[in-house]
Each structure stands twice: as structure tokens, then as C-alpha cells.
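# Tertiary structure, described
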Amino acid sequence: MDKMPAWADAFLVPLISLILAALLSALVILAIGESPTEALKLMVEGALMRSAGWGYTLYYATNFIFTGLAVSVAFHARMFNIGGEGQATLGGLGVALVCLYLPWPHWSLALIGASLGAAAFGALWALIPAWLQAKRGSHIVITTIMFNFIAAALLNYVLVNLLKPAGAMDPASATFPDATHLPTFQQMFSTADNPLFRGAPANISFFLALIACVAVWLLIWRTRLGYEIRALGHSESAARYAGISPVRIIVIAMLISGGLSGLMAVNTTMGESERLLMNATEGAGFIGIAVALMGRNHPFGVLLAALLFGFLYQGGAELALWTSIPRELIVVIQALVILFTGALDNMVRMPLERLFLLLRRTPKGPAE
Amino acid sequence: MDYLTLLQVLDSTVRLATPLLLACLAGLFSERAGIFDIGLEGKMLMAAFFSAAVASVTGSVWLGLLAGIASSMVLSGIHGLASITFRGNQLISGVAINFLAAGLTVLIAQHWFSQGGRTPSLMGGGRFTDITLPFADALSGVPILGPTYAELISGHSILVYVAFACVPLTWWMLYRTRFGLRLRAVGEAPEAVDTAGVSVIGLRYAAVAICGLLCGIAGAYLATGLQAGFVKDMTAGRGYIALAALIFAKWRPWYALSACLLFGLLQAVALRYQNIDLGGFIIPVQVMDALPYILTVVILAGFVGKAIPPRAGGEPYVKER
Amino acid sequence: MTDPVPAIELKGISKAFGPVQANKDISIRVMPGTIHGIIGENGAGKSTLMSILYGFYKADAGEVFISGKKTEIPDSQAAISAGIGMVFQHFKLVQNFTVLENVILGAEDGGLLRPSLAKARGTLKKLAEEYELSVDPDALVENLSVGHQQRVEILKALYRQADILILDEPTGVLTPAEADHLFRILDNLRAEGKTIILITHKLREIMEITDTVSVMRRGKMTATVKTSETSPEDLAELMVGRKVLLRVDKTPAKPGAKLLEVTDLHLWDENGVERLKGVSLDLRAGEVLGLAGVSGNGQSELLEVLGGYATATGSVRVNGKEIALSGRDCTGQARRAIGIGHVPEDRQHEGLILPYTAWENACFGYHRDPSYQSGILMNNAAIREDAKGKMERFDVRPPNPNLAARNFSGGNQQKIVLAREIERNPDILLIGQPTRGVDIGAIEFIHQQIIRLRDEGKAILLVSVELDEIFSLSDRIAVMFDGQIMGVRDAAKTDQRELGLMMAGITGDGTTDAAKAAQHG
């Protein structure tokens with residue numbers, strides 16, 4: 001028998017890890033001379049108590065859903081795709097090229113086109129590491145890290161030498177044409193007497209992210225491909241026996257993963273900045289790791305974790321605005337979440353397993 | 001390019017290669033013992049901050065160095081706890097450590113110094129000064145050799161010499177001592193070490209501790225030798241370049257030296273020249289930035305000699321019958 | 001007259017893993033200068049007991065006496081200091097170290113290597129002469145044969161001045177010739193006064209070399225006897241707890257058409273070593289062809305090639321039709337489509353995905369079958385229903401398709417794999433090690449299923465390292481050695497001796513052309 005019930009492994013372990021991370025974060029806040037409760041209150045007020053706050057929270061969450069799903073899909077094939085950052089960077093380039101160089105009559109068509117462009121460029125950037133892993137055994141963690149840096153250099157080159165409008169100073173592309181501007185939540189949900197989400201960047205790509213959640217869930221648990229991806233992730237030798245080609249599955253899973261990372265750029269580049277900037281990803285590719293770990297690689301969990309991180313991001317920005325706590329607090333919290341849910345999970349799991357074993361044994365009386 | 005410019009580029013190569021080399025050797029100890037470490041970046045960053053902070057407060061660069069080493073070793077301890085004691089995922093632990101350092105350094109810097117996440121500029125005893133080796137001035141008149149000695153070999157901070165001395169030292173430890181034999185064994189076949197009655201956990205913690213020590217020196221050099229003070233994210237990917245160098249070197253000390261010098265040279269050239277004109281064909285500076293990473297991918301792909309990591313690398317050790 | 005002091009004495013050793021009692025109140029006395037055998041089925045608790053003796057596990061209760069002195073063994077270091085050396089079934093060697101480096105690891109003198117290496121070189125030379133234990137001290141272990149690697153393990157123990165040597169299933173990976181050499185070494189060691197504990201499940205080895213033997217069953221020591229005063233039959237009965245049917249009830253085979261023709265199969269592994277060197281054989285409907293041999297002589301590779309997940313050159317014809325041995329059409333899926341079922345040798349790493357539920361496993365490999373699909377999605381309800389039926393018909397316990405495969409016992413896991421492969425009604429069934437790690441009750445069931453399939457006119461290729469199993473199921477027996485078929489014999493007209501010689505690479509009838517021998521029948 002398993003040492004503890006599946007629900008405990010799925011919910012209790014991440015929950016306790018999260019509480020541990022939260023406690024430590026509170027200690028950090030205390031240590032820099034601020035009050036954790038005050039900080040939390042500020043964060044909740046800033047991120048959740050006003051519709052504009054929600055507009056930011058959901059905007060960030062959109063990014064994290066995409067990158068979180070990206071990491072999850074790769075994890076199911078036991079690939080640690082740490083290259084979300086680079087894939088999202090390339091996704092941004094895809095969005096920019098589609099928006100700048102194709103004539104779009106309407107935003108809805110542009111959205112489809114940009115999504116395809118983003119996913120294609122992101123997937124392309126994952127393809128080489130995937131192929132190298134599948135065919136030549138090059139460790140995908142290292143290659144995807146390297147590709148993050150190469151992507152940054154590439155984007156730098158493209159922006160400075162190719163896309164920057166003549167005479168402009170900052171390394172950024174021209175602003176996209178009006179027809180490609182996506183409807184924001186403000187435009188979608190405000191009425192004349194009830195303005196909502198004022199000035200917030202949340203836009204229609206949030207719904208794209210929700211669709212991606214459902215699609216990934218179907219893919220992983222309801223399709224043949226998902227069955228094969230998970231099978232490969234659990235046991236490569238068994239997959240080979242069953243006639244599942246590891247090369248094919250690794251490449252496909254990484255293409256999907258890279259595509260999902262790339263899609264993030266629809267939200268940032270097309271939905272928010274409406275032009276291609278340096279560092280548009282703002283580390284969201286890495287936060288995807290924390291989100292996937294906390295969400296236990298399940299799209300629903302990823303959604304919840306992404307909302308939590310969206311809240312943390314927006315709350316952190318509020319903190320930086322009103323207190324002397326810098327935004328980097330969120331990076332610390334993110335680190336602690338990754339540490340506890342991803343690397344120190346056994347620290348939580350081992351005592352829990354012992355507890356469940358004890359609970360199971362006692363009603364039966366002494367062991368034989 | 002005249003000879004003096006060349007010397008200056010090479011001199012800058014040596015300076016830029018130093019933190020890479022220290023971090024690379026740090027990674028070598030850890031990975032040779034079977035503990036993957038992508039947290040080199042974070043440890044360096046943490047050490048850079050604490051060394052600069054303590055040096056700035058106390059005015060003593062040596063206390064700064066100690067503080068840097070200590071902070072880096074604390075992160076090593078966390079990595080050890082996660083990957084050795086609790087048999088967690090070493091890669092994820094490394095990622096977490098990088099973020100922890102990136103966040104904490106700014107958080108604490110802001111709290112202590114309120115200068116937007118940096119330390120005050122270090123002056124006087126707060127920095128490692130360059131050492132002029134004997135006869136540097138006297139020999140500078142000798143053509144070629146003189147300037148080479150004076151510019152390239154002499155005139156670096158003590159930590160540069162420490163870093164270069166670490167290469168033969170590492171080689172000697174690895175291949176000539178009992179500790180080295182056991183260290184290499186535990187990265188290849190921990191079960192062999194365990195059944196021989198030697199503690200796998202002890203060895204791996206020792207390796208991780210050495211890794212922390214060297215990363216600490218690397219970070220301290222960045223903030224108190226190469227530059228005068230800590231600024232946010234000042235490691236700027238050096239930990240990853242060191243990792244790349246380690247793979248490039250196939251986990252061997254002397255090759256690590258060459259790889260780090262090569263990557264240092266690339267950095268030095270990128271720093272000095274923007275775009276390089278090779279007779280009409282222009283290499284953009286971004287190519288120089290990306291070259292270490294591209295080279296590493298090529299090496300990893302096995303097109304130029306295959307890089308085979310230690311066999312037990314990345315796998316937590318579980319006793320089996 | 002005083003009793004001599006035993007070299008090792010265990011008193012009342014007990015050890016439980018969670019709810020499983022691996023060792024229960026075990027006591028043994030082993031006299032110095034003797035070879036003591038411990039025999040028992042897989043999972044009887046032999047290895048656990050020895051792991052306790054070597055400090056890998058801590059016993060829940062009981063005491064250990066070494067040469068009459070009560071000794072605590074909390075770790076391997078303590079075992080080594082107590083003079084215990086262990087040769088594990090899976091060698092504990094550093095592959096890219098030299099023999100010398102492996103020998104001194106953990107037993108170095110001082111912090112520098114040079115003196116230790118010099119000393120070890122001398123000692124090794126002496127040991128080699130004394131005990132027929134010669135190995136090149138500067139060779140890398142990864143370049144040594146299995147037999148030589150085992151010698152390095154023995155040298156390691158002797159270098160640490162072990163007086164007590166434990167060998168865990170030492171002959172599992174050896175050819176008969178290598179095994180003979182090992183027994184000569186053990187003989188020499190015994191003559192020098194060393195005490196040896198030999199753990200095995202092979203009765204023949206016990207009878208051949210041991211002085212005394214203990215039998216273990218389900219964690220308990222059922223008997224300790226002098227080898228000279230017992231017989232293989234008695235030991236077998238003690239091992240399994242009742243009279244064993246050495247032969248499965250079956251009628252003579254009625255072989256039909258040739259279903260599988262394998263000709264001149266060659267396979268090179270990733271290191272460029274030739275693992276199959278021109279294998280040829282054929283298989284008819286309605287017969288079981290047993291493939292015997294020491295493991296590692298190409299049987300696994302042959303199964304992988306036929307199962308479609310290793311590439312090879314040569315020719316394989318199924319029902320007279322050539323099938324692909326490489327490229328896009330060489331997949332497990334393609335093989336299943338033409339009626340080749342495959343129960344793989346390693347059910348835990350190949351046959352099953354352990355974290356998958358039983359129902360997910362019950363379609364594994366056939367998951368692309370149209371009956372399991374509904375549109376672009378998989379029809380999980382149908383798969384679950386299908387799995388339920390299979391589990392009932394094959395008496396899988398518990399019959400719960402939602403349980404993860406890792407939660408079933410070895411026998412029930414094997415039944416899930418068998419059910420999946422057999423119920424697809426294949427013309428040809430490849431079966432590797434069908435009863436490895438399976439309890440007696442399930443073994444009988446599995447053997448019956450194999451014979452039933454044969455009687456239905458299916459062609460069965462059975463690979464097993466258990467000669468007894470090969471004998472009781474096969475109609476013809478082929479022996480593999482070093483990537484070749486040494487010969488094919490009629491099961492009724494051969495014996496263990498002849499097969500044993502063939503397994504060592506010597507053909508009984510003097511045939512030199514192995515390929516030709518394989519073609520007959």
C-alpha cells in the first residue's frame with residue numbers, strides 16, 4: 001500500500017510547504033523591521049480590494065498560467081524546462097513580427113495570428129534543446145538555461161539593429177498598429193457609470209490562458225498523446241517497450257511547453273506594452289517553475305498557484321509603493337515556495353508519511 | 001591592435017576570468033561528488049553582497065571576505081539539506097537558491113543602506129588592492145617580457161592569485177589524495193563508497209561546503225576586487241557561465257582554467273569593443289555575449305567531444321540491497 | 001570436549017519493513033573454515049539478513065556474535081572492522097576507476113594515495129597467487145568481464161583482511177566456467193581458514209560446495225542441516241514448504257506451421273559491442289520454445305528485437321512475411337498489430353508503469369487501439385471496463401482497476417501484464433522471465449496459462465534463466481551463449497548436463513556451426 005492517501009500527497013504536502021514558505025517570508029519581513037500583518041493587509045488591499053488591483057493581479061496571473069502550464073507539460077515528460085524565459089522572449093518576437101508586418105483588419109484576427117506566431121517562435125526556441133536532449137542526451141536543464149541567455153542576446157540584437165525605429169533611443173520596436181490592440185478588461189467590463197479595472201493591463205488574453213488550462217488538462221489526462229507523455233515521464237524503458245518513441249514524445253512535449261511559454265508574450269507584448277521591449281518577460285518564465293511545482297503539475301493547481309503569484313506580484317508592487325519593502329520580497333517568497341514545494345518536499349512528506357502510518361496502524365491494534 | 005592594447009585585453013581577461021574560475025572550481029567539487037549545482041550564481045551573488053556590506057561597515061575587506069564566504073556557505077548548507085539529507089531535486093534547489101539570493105540581497109541592502117539595493121562604494125581598506133609583484137617596475141623596461149610581467153602577471157588583487165593557485169591545488173586534491181579519490185568515487189558510484197564503509201553524506205556535505213567556500217571567494221572578488229561595492233544582480237549570469245565552463249572542461253581542473261580564460265577573453269573583448277570588424281564582416285557585440293552559451297550547447301551536443309557528467313550526478317543516494 | 005567457537009552466530013534476528021516481516025527470529029551458527037549456504041526463494045529474506053550483518057539495516061531485535069564476541073554492527077564500517085566482507089549481487093564498483101583504486105577506496109593508508117597504491121599493488125599480487133585471483137591492477141573496471149569484476153569485489157574484501165566473506169547470488173551473472181572458477185577460489189579460501197556464507201537459490205550450488213546449509217522461507221529459518229546429510233529434493237521441499245511439482249502437466253505438443261523464422265540476426269549495442277552474432281531460430285504454432293542461457297548472453301536483446309524496440313540486421317519473418325528490424329516500421333505498436341504479444345523480462349521497468357492505475361496499465365502498448373478511443377480523446381470508461389474483465393479472468397487480487405500498479409504484489413503485477421498480452425489473442429507470444437519474483441501460487445497459474453495458450457495453437461518463445469522452468473514448460477530448448485544459439489534440443493531428449501555445457505559455449509554433439517544447429521527442428 002501507499003504510505004499515505006493520494007489526497008494528502010496532492011493537497012496536504014503543498015499546503016504545508018506553502019505555509020512554511022509564508023512563515024519564513026513573514027520572518028523576513030519582521031527582520032527588515034516591518035510588520036508582516038500590515039504588509040499582508042496592504043497587499044490584500046492593493047491586489048484584491050479594488051477592481052484595478054484585480055486587473056493587475058489577473059494580468060500577472062495570465063503570464064504565470066502560461067509559463068506554469070509550460071513547465072508542467074514538460075515535467076510530465078520528466079523534462080525540466082527552465083527555458084521559459086527564453087521561449088517567452090522569442091514568443092514576444094513572434095508577436096511583434098506578426099503585429100508589425102502583417103496587415104490586420106481586426107484585433108480578433110490579430111489575436112489568432114499573434115498567438116500562432118508567439119507559440120511557433122516559443123516552440124522553435126524549445127525545439128533545439130529538445131532535439132539535443134532526445135537525440136544526443138544533452139542535459140535539457142543546461143541547454144535551456146543557455147538558450148535563455150542566447151535569446152536575450154538575440155533579442156538585444158534584433159531590437160537594436162533591426163526593429164528599433166530610426167532615431168528612437170530605447171531598444172524597443174515601433175508601437176503596433178491600432179488594429180492589433182487587444183481589448184482590456186477596462187474596455188470589456190466597464191460601463192459608463194461603473195468604471196472597472198481602470199488603467200489595469202488585464203486583457204482578453206486572460207481567457208486565452210483559461211482555455212489553455214482546459215486544453216492542457218484534456219491533453220494530459222484525456223488524450224493518447226498525454227497518456228504517452230506521462231508514460232514516458234514515469235518510465236522511459238516501459239515507454240520503449242510499449243512502442244512509444246522517446247524522441248518523438250520529448251520533442252512534442254517540449255514544443256508544446258515552448259509554445260505555451262511563448263503564448264505569454266501575447267499578454268505582455270500585445271496586450272500590455274503594444275510594442276516589443278527588452279526584458280518583457282520580467283522573470284515570468286522562472287515563476288512558472290514555482291507555479292508548476294505548487295500546482296503539482298495539474299492545470300487546476302497551476303491556475304490557483306498562478307492566481308496566488310499574481311496576487312503576490314501585485315501586492316508586492318503595492319508594498320514597494322507604500323513601504324520601504326522592495327519588490328524583491330516577492331522574489332524571496334518565490335524562492336521559498338520553489339525550495340519548499342520542489343526541493344524540500346521530502347522534509348514535509350517524511351513526517352507526514354510517518355503520521356499516516358501511525359494513524360493507520362493504531363486502530364488495528366499492535367502489529368502481528 | 002598594438003602590443004599594449006593586447007596586453008590590456010589580456011589583463012582584463014585575467015580579471016574577468018577570476019570569478020568564473022573560482023565558481024567553476026566550486027562547481028567542480030560539488031558535481032564531482034554527484035551534487036549538481038546550478039546555484040553557483042546565487043551563492044556568488046550572496047557573497048558579493050555580504051562581503052561588500054561588511055567591508056563597507058567595518059572598513060576591513062578581510063572581514064568582508066569572511067562574511068561573504070560564510071553567507072555563501074549558508075546557501076550551500078541549504079542546498080546540501082535539500083539534495084543530500086532530504087533527497088530533493090538538486091536542480092530545483094539550485095533554482096530556488098538563485099532566487100533566494102537575488103531577492104534577499106536587494107531586500108537586505110535596502111534595509112541596511114537605503115541606496116536602492118546597493119552598498120555604498122568601497123574605499124581604502126574596504127577593497128582588495130592590486131599587488132605589485134617584485135621587480136615589476138624594474139623589469140618594465142625590458143621589451144615584451146617587461147610589460148607582460150608588469151601588466152599581465154603583476155598588479156592583480158590577491159584573490160586573483162588565489163584563484164589561479166586553486167587550479168593545481170584542485171588537481172592535486174582530486175587525483176593525489178584520499179579525499180579526492182573518495183570524492184570522485186562518490187560522484188560516480190556512491191554505493192561503492194557506502195559499502196566501503198565511508199559516509200556518502202559526509203563526503204557530499206564536504207564537497208558542497210568547499211563549493212560554498214569557493215563561491216564565497218568568487219563573490220567577494222566581484223564586489224571588493226573587480227568592482228567597488230555591490231549592485232543588484234551584479235553577478236550577471238557569471239554563475240551560469242561558470243557552469244558552462246565546467247561542462248566545457250568536462251569536469252577537469254586544468255581544462256576549467258582554459259575554459260574560464262576563454263570565456264573571460266570573450267567578456268573582455270565584448271567589454272572593450274562593441275562590434276568587431278573582421279575585414280568587412282562585422283561581429284555584433286551580442287554574438288560575443290552569447291558565444292559562451294553557444295559554445296557550451298555545441299559541446300553538450302557532443303559534436304566536439306562528448307561531455308559525460310559524473311555518473312551519479314543529480315541523483316540522491318538511497319541505500320539499496 | 002568443548003565446542004569450537006563459531007565464526008558468526010546470529011541470535012533471534014528480526015526485522016520488519018512497515019507491515020512486512022522480512023526476518024523473524026533467525027538464529028544461525030557458522031563454524032570457521034566452512035562454507036555455509038543460505039537458500040530460499042526470492043523474497044524469503046536472505047538478502048535482508050545479510051544486509052543486517054553488513055550494517056545496511058538495523059535489526060529490530062537480536063544479537064550478532066563474531067568469534068564468540070557480541071558485536072554491534074551499525075554501519076558498513078563496523079562490519080568491515082569486524083572482519084566481514086560482502087560481495088553483492090550487483091557489484092559496488094566505481095566503473096571508471098582502476099582495479100587498484102577500487103581496492104583501496106575506503107581502506108587507504110593516510111591522506112595521500114601514492115603509498116596506498118604501492119602497498120595495494122603488492123598485496124594484490126600475493127592474493128592473486130594464493131587464491132587464483134588474478135586481475136590486471138591497472139585495468140579500468142568498466143573494461144573487465146563480469147567474472148573479473150567479481151574477483152575485484154573479492155579482492156576488496158580480502159584486502160580489508162576479511163575473515164568472513166558473504167556472497168549474495170554470486171553465480172547469477174556468471175557462465176558455468178566462470179562459476180567453476182569462483183568455486184575453486186572459494187575452496188582455496190576455505191582451505192586458508194576463511195568463513196564463507198553463500199546466498200543462493202540454486203540447489204546445485206549448495207550441494208556442490210557448502211558444508212552446512214540453512215533454508216529460509218518467508219522470513220523464517222526453516223532448517224539448518226549438514227549438506228552431506230540432505231538431498232536437493234528435501235531442500236526444495238523445505239524452501240517452498242510442500243512437495244514441488246517439478247513438471248507441469250502437459251500433453252505432447254502438436255507443432256503446426258512455422259510462425260516465426262529468425263535468420264542471421266545481428267545487433268550492436270551503443271558501445272559498438274556485438275550482442276547478437278547471427279542468431280537464427282524458428283518457432284511453430286502450438287509449441288513452446290525455451291531459450292536457456294546465463295543472463296546477459298543476448299536473450300534480452302533478442303526479445304527486444306522481436307518486440308520491436310531494438311534495431312538489428314538480419315531477417316525476421318512472421319507468418320512468412322518479412323518484418324522491419326529498423327526504421328519507422330520497427331515499433332512495439334507494429335509488432336502488436338501483426339499478432340506478437342510480449343511479456344517483458346522486467347515487468348517493473350518495462351511491462352508496467354508502476355504509478356499508473358491497473359486500468360491504465362491494462363491497455364499499455366495497445367492504447368492506440370480504436371476500441372479505446374472516442375474521437376480525439378481516449379475512452380477511459382471503456383478501458384476501465386475492459387480492464388475489470390481482464391483482472392477477473394486472471395484472478396488479479398485485489399480486483400480493483402483504480403489501484404496503482406505499484407500497490408499489487410509481484411505475482412499480481414505479472415498477471416496484469418499476462419492478461420493484457422494474452423487476451424489480445426496473439427499468434428506469437430514472447431515471454432521473458434515469467435515467474436521472476438512471483439509467489440508459488442501465481443507460478444502455477446502462470447505456467448498453466450502458458451500451456452493453455454500452446455494447446456490453443458499459439459507459438460510461444462520462453463526466455464528464462466531458471467533451467468527448471470525451461471524444462472517444465474518447453475517442447476524444444478535453444479541455448480544462447482555469447483550472442484549465439486549454441487543449439488536446439490528436444491526437451492525430452494536432453495538433460496541439465498548437456499544444456500549446462502552448451503550454456504558455457506560447448507556444443508554437446510561437436511557441432512561447431514551454431515547457426516546450422518539452430519536451423520534443425
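All values derive from a computational prediction rather than experimental measurement.

## What to know about the overall build of chain A
Scanning chain A from terminus to terminus reveals 15 helices and 0 strands. Scaling as 2.2 N^0.38, a compact globule of 368 residues should have a C-alpha radius of gyration of about 21 Å, and chain A matches this with 22 Å. Projecting the C-alpha coordinates of chain A onto the three principal axes gives extents of approximately 80 × 55 × 35 Å. Of all intrachain contacts in chain A linking residues separated by at least 6 positions in sequence, the fraction that spans at least 24 positions is 75%.

## Focus: the overall build of chain C
Helix and strand counts for chain C stand at 18 helices and 22 strands. Relative to its length of 521 residues, chain C is compact, with a C-alpha radius of gyration of 25 Å against a globular reference of 24 Å. Within chain C, counting contacts between residues at least 6 apart in sequence, those at least 24 apart form 67% of the total.

## Describing the UniProt feature "transmembrane region" (unreviewed entry) in chain A
Residue and element names in this part refer to chain A. Summarizing the sequence annotation, UniProt attributes the feature "transmembrane region" (unreviewed entry) to residues 57-75, 87-104, 110-128, 140-160, 200-220, 241-264, 302-323 and 329-348 in the numbering used throughout. Overall, residues 302-323 shows 95% helix and 0% strand. The separation of its end C-alpha atoms is 30 Å. Structurally, residues 329-348 is divided into 95% helix and 0% strand, and its ends, taken at the C-alpha atoms, are 24 Å apart.

## With respect to the environment of Tyr60(A)
All names here are of chain A. With respect to the helices and strands, Tyr60 occurs in helix α3 (residues 51-76). Taking C-alpha positions, Tyr60 is 7.1 Å from Tyr313, a pair spaced 253 residues apart along the chain. Discounting residues that sit within four places of it in the chain, Tyr60 has contacts with Phe309, Gly310, Tyr313 and Gln314.

## Focus: the interface of chain C and chain A
Contact residues are listed per partner, giving 24 residues for chain C and 18 residues for chain A. Of all elements in the fold, only α10 (332-337), α11 (347-351) and β18 (377-378) of chain C reach the threshold of two or more residues within the side of chain C that touches chain A. Top element by residues in the side of chain C that touches chain A is α11(C). It accounts for 3 residues.

## Looking at the sheet that holds strand β14 (residues 313-318) of chain C
Hydrogen bonds between backbone atoms are what pair the strands of a sheet, whose relative direction is either parallel or antiparallel. Residues and elements named next belong to chain C. Pairing is antiparallel across the open sheet formed by 4 strands, whose spatial order is β12-β11-β14-β15. Edge strands, defined here as strands with exactly one partner in the open sheet, are β12 (274-284) and β15 (321-322). Two elements, strand β11 (residues 258-268) and β14, share 5 bridges in a ladder whose sense is antiparallel. By the bridge assignment, Glu261 is partnered in β14 with Arg317.

## Some words on the interface of chain B and chain A
Tallying the contact residues gives 37 residues for chain B and 38 residues for chain A. Elements represented by at least two residues in the side of chain B that touches chain A include exactly α4 (90-113), α11 (238-248) and α13 (285-300) of chain B. With 14 residues, α4(B) is the largest single contributor of residues to the side of chain B that touches chain A. Residues that form the side of chain B that touches chain A fall into these classes: 24 nonpolar, 11 polar and 2 charged.

## Regarding the domain arrangement of chain C
By domain assignment, chain C separates into domain 1 (8-240) and domain 2 (258-519). Distance between the C-alpha centres of domain 1 of chain C and domain 2 of chain C: 33 Å.

## Focus: α3(A)
Residue and element names in this part refer to chain A. The first and last C-alpha atoms of α3 sit 36 Å apart over 26 residues, in line with the 38 Å expected at 1.5 Å per residue. Taken across its 26 residues, α3 has 25 buried, putting it largely inside the fold. Following α3 by one or two positions, Arg78 adopts a phi angle in the positive range, close to 50°.

## Some remarks on the sheet that holds strand β1 (residues 8-17) of chain C
All names here are of chain C. Across the sheet, 4 strands lie side by side as β2-β1-β4-β5; this open sheet has antiparallel pairing. Looking at the sheet topology across the chains shown, the edges are occupied by β2 (20-30) and β5 (69-70). Bridging between β1 and β2 involves 7 bridges; their strand directions are antiparallel. Across the sheet, the residue bridging to Glu9 is Arg29, located in β2.

## What to know about the environment of Ala212(A)
Residue and element names in this part refer to chain A. Among the structural elements, Ala212 can be located in helix α8 (residues 205-222). For Ala212, a count of 25 C-beta atoms within 10 Å puts it in the buried group. In this structure, Ala212 is in contact with Ile65, Phe66, Leu69, Leu260 and Leu263, ignoring residues within four places of it in sequence.

## Brief notes about the packing of α3(A) against helix α13 (residues 299-322) of chain A
Two packed helices can be described by the angle between their axes and the distance between those axes. Residue and element names in this part refer to chain A. It is the contact of α3 with α13, at a shortest axis distance of 7 Å, that shows an interaxial angle of 135°. Viewed along their axes, α3 and α13 adopt a mutual orientation that is oblique. Judged by the twist between their axes, the crossing of α3 over α13 is right-handed. Here Gly53, Tyr56, Thr57, Leu58, Tyr60, Ala61, Phe64, Ile65, Gly68, Leu69 and Ser72 of α3 lie close against α13, whose contacting residues are Pro299, Val302, Leu303, Ala305, Ala306, Leu307, Phe309, Gly310, Phe311, Tyr313 and Gln314.

## Here we look at the pairing of β12(C)
Taken across its 11 residues, β12(C) has 8 buried, putting it largely inside the fold. Turn length for the β11(C)-β12(C) hairpin, with the two strands adjacent in sequence and antiparallel, is 5 residues, and the turn residue Gly272(C) shows positive phi of about 80°.

## Section: the packing of helix α2 (residues 36-48) of chain A against α3(A)
Residues and elements named next belong to chain A. Interhelical geometry of α2 versus α3 gives an angle of 90° and a closest axis separation of 5 Å. Regarding the angle of α2 to α3, the classification is roughly perpendicular. Facing Gly46, Ala47 and Leu48 of α2, the residues of α3 in contact are Gly53, Trp54, Tyr56 and Thr57. Considering only residue class, the contact of α2 with α3 consists of 4 nonpolar, 3 polar and no charged.

## Here we look at unusual backbone geometry
A cis geometry characterises the amide bond from Arg397(C) onward to Pro398(C), with omega recorded as -10°. Positionally, Pro398(C) belongs in the loop between α13 (380-393) and α14 (410-422). The backbone of Asn279(A) shows a phi angle near 55°, a positive value even though the residue is not glycine. By secondary structure assignment, the location of Asn279(A) is in the loop between α11 (246-273) and α12 (284-294).

## Considering α13(C)
Residue and element names in this part refer to chain C. Between its terminal C-alpha atoms α13 stretches 20 Å, which fits the 20 Å expected from 14 residues at 1.5 Å a residue. Where α13 is buried, its residues touch α12 (358-362), β18 and α14. Trailing α13 by a residue or two, Asp395 shows a phi angle of about 55°, which is positive.

## Description of the confidence of the model for chain C
Scored by pLDDT, chain C comes out at a mean of 88, with 94% of its residues at no less than 70. Taken together, the chains of this predicted complex give a pTM of 0.88 and an interface ipTM of 0.91.

## Some details on the confidence of the model for chain A
All names here are of chain A. Residues at a pLDDT of 70 or more form 97% of chain A, whose mean pLDDT is 91. Per-element averaging of pLDDT across chain A places helix α15 (residues 345-361) at the bottom with 85 and α8 at the top with 97. Scored below 50 in pLDDT, residues 364-368 shows 2 contacts in the model against residues more than four places distant or in partner chains.

Cut-offs applied
- Residues numbered from 1 in each chain as written.
- Chains lettered and ligands numbered in written order.
- Predicted model: local features only at pLDDT ≥ 70, side-chain atom pairs only at ≥ 80, totals over all residues.
- Helix = DSSP H or I, 4+ residues; strand = E, 2+ residues; numbered from the N terminus.
- Rg over C-alpha atoms; globule rule 2.2 N^0.38 Å.
- Contact = placed C-beta atoms within 7 Å.
- UniProt positions renumbered as here; feature names shortened; annotations may be inferred.
- Pairing = 2+ DSSP bridges.
- Nonpolar A, V, L, I, M, F, W, Y, C, P; charged D, E, K, R; others polar.
- Domains from an automatic or database assignment.
- Expected span 1.5 Å × (residues − 1).
- Buried ≥ 20, exposed ≤ 12 C-beta atoms within 10 Å, placed from the backbone.
- Axes fitted to C-alpha atoms, helices over the stretch in contact; angles between N-to-C directions.
- Parallel < 35°, antiparallel > 145°, perpendicular 65-115°, else oblique.
- Left-handed = near helix turned anticlockwise from the far one by under 90°.
- pLDDT = per-residue confidence, 0-100.

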